Amino acid sequence: ETGVTQTPRHLVMGMTNKKSLKCEQHLGHNAMYWYKQSAKKPLELMFVYNFKEQTENNSVPSRFSPECPNSSHLFLHLHTLQPEDSALYLCASSQVMGGKNIQYFGAGTRLSVL
Amino acid sequence: SQQGEEDPQALSIQEGENATMNCSYKTSINNLQWYRQNSGRGLVHLILIRSNEREKHSGRLRVTLDTSKKSSSLLITASRAADTASYFCATGGSETSGSRLTFGEGTQLTVNP
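Everything numeric in this text was worked out from a predicted model, so none of it was measured.

Here the focus is the packing of aromatic side chains. Within the structure shown, the criterion is met by seven aromatic pairs over all chains. For the ring pair Tyr35(A) and Phe103(B), a centre distance of 5.7 Å and an interplane angle of 85 degrees mean the geometry is edge-to-face. Taken together, the positions of Tyr35(A) in strand β4 (residues 31-37) and Phe103(B) in strand β10 (residues 101-103) put the pair across two chains. Residue Tyr35(A) shares its accessibility class with Phe103(B), and that shared class is buried. Seen in terms of ring centroids, Phe64(A) and Tyr89(A) are 5.9 Å apart; in terms of plane orientation they differ by 35 degrees. Their pairing is tilted. With Phe64(A) in strand β7 (residues 64-70) and Tyr89(A) in strand β9 (residues 87-94), this pair connects stretches of sequence that are 25 residues apart. Take Phe64(A) and Tyr89(A): they sit in the same class, and that class is buried.

Structure (structure tokens):
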């Protein structure tokens, strides 16, 4: 148990569906992240939030829409996805200070887009 | 190419043997981290080494850092079947990277019983 909880663990959706991924951290961290992990590709950083403010959007298509209502919760809203969006989506949190940024990851949501 | 590239991409050894994985990076760093990922799960932080450190130990893990060569190695001694996982290095913590970490492509380690 890392202190970062992601739901759902598995999600199958059609290209016209709208769904949301949820992430919650119980560690009191000030930063939260969404990553995409596809087979045989490096971990791709999607979004970064510091103190609820989005500080990085790594050229992510608009069909992915993040939301950070408070420093403990992070959502990823999905709509009109493509089959190539099928991947493991990982949430992480960290307390960034003094150049150290040890990230704690959730178990991920395995997304399949049909 | 990628900041944080591991080699080999895959490594298969017998239980009890040592496993060595390498990581190279391109830009200046404040620290380098190693993470482990079991299949289909999230990453777990293993160890962090600062740019002014050359070697660090944690249990059966030994990490080295050579900033002149921009490379790091992770040694797992007396490996166990439970060490089977993917191992990633991650760099960041510099003034320009802010809270961003950049992960390599990982080394898939298989420890055969």
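We now examine the confidence of the model for chain B. The pLDDT averaged across chain B works out to 90; a share of 90% of its residues lies at or above 70. Mean pLDDT across the secondary structure elements of chain B bottoms out at strand β1 (residues 5-7) of chain B, with 79, and peaks at strand β7 (residues 61-66) of chain B, with 98.

So, on to the pairing of strand β3 (residues 19-24) of chain B. Residues and elements named next belong to chain B. Of the two faces of β3, the one lined by Ala19, Met21 and Cys23 is fully buried and the one lined by Thr20, Asn22 and Ser24 carries no buried residue. Alignment of β1 against β3, held across three bridges, turns out to be antiparallel. Counterpart to Glu5 in the pairing with β3 is Ser24. Relative to strand β8 (residues 71-76), β3 runs antiparallel, the two being bridged by six bridges. Bridged to Met21 within β8 is Leu74.

Before going further, it helps to spend a moment on the sheet that holds β3(B). All names here are of chain B. The strand order β1-β3-β8-β7-β6 describes an open sheet built from five strands, whose pairing is antiparallel. Each edge of the open sheet carries a strand with a single partner, namely β1 and β6 (55-58). The mean angle between the axes of side-by-side strands here comes to 20 degrees, regardless of whether they run parallel or antiparallel.

Where interface size is quoted, it is often the accessible area lost as the parts come together. Contacts between chain A and chain B engage 23 residues on the former and 21 residues on the latter. Buried area between chain A and chain B, summed over both chains or domains, comes out near 1,800 Å², and the portion from carbon and sulfur atoms is 52%. Across the chain A-chain B interface, the total number found is one salt bridge. When the shortest N-O distance is used, the salt bridge between Arg100(B) and Glu56(A) registers 2.3 Å. Counting the contacts that link chain A with chain B gives four residue pairs in polar contact (both at pLDDT 80 or more). If you list the elements that add at least two residues to the side of chain A that touches chain B, you get β4, β5 (44-50) and β9 of chain A. Tallied by class, residues from the side of chain A that touches chain B come to twelve nonpolar, seven polar and four charged.

How each quantity is defined
- Residues numbered from 1 in each chain as written.
- Chains lettered and ligands numbered in written order.
- Predicted model: local features only at pLDDT ≥ 70, side-chain atom pairs only at ≥ 80, totals over all residues.
- Heavy atoms only, no water.
- Phe/Tyr/Trp six-rings, centres within 6.5 Å; stacked < 30°, edge-to-face > 60°.
- Helix = DSSP H or I, 4+ residues; strand = E, 2+ residues; numbered from the N terminus.
- Buried < 20%, exposed > 50% of the residue type's maximum accessible area, 1.4 Å probe, protein only.
- pLDDT = per-residue confidence, 0-100.
- Pairing = 2+ DSSP bridges.
- Axes fitted to C-alpha atoms, helices over the stretch in contact; angles between N-to-C directions.
- Contact = heavy atoms within 4.5 Å.
- Buried area = accessible area lost by both parts, 1.4 Å probe.
- Salt bridge = Lys/Arg side-chain N within 4 Å of Asp/Glu carboxyl O.
- Polar contact = N/O pair within 3.5 Å; in protein donor to acceptor, adjacent residues only side chain to side chain.
- Nonpolar A, V, L, I, M, F, W, Y, C, P; charged D, E, K, R; others polar.

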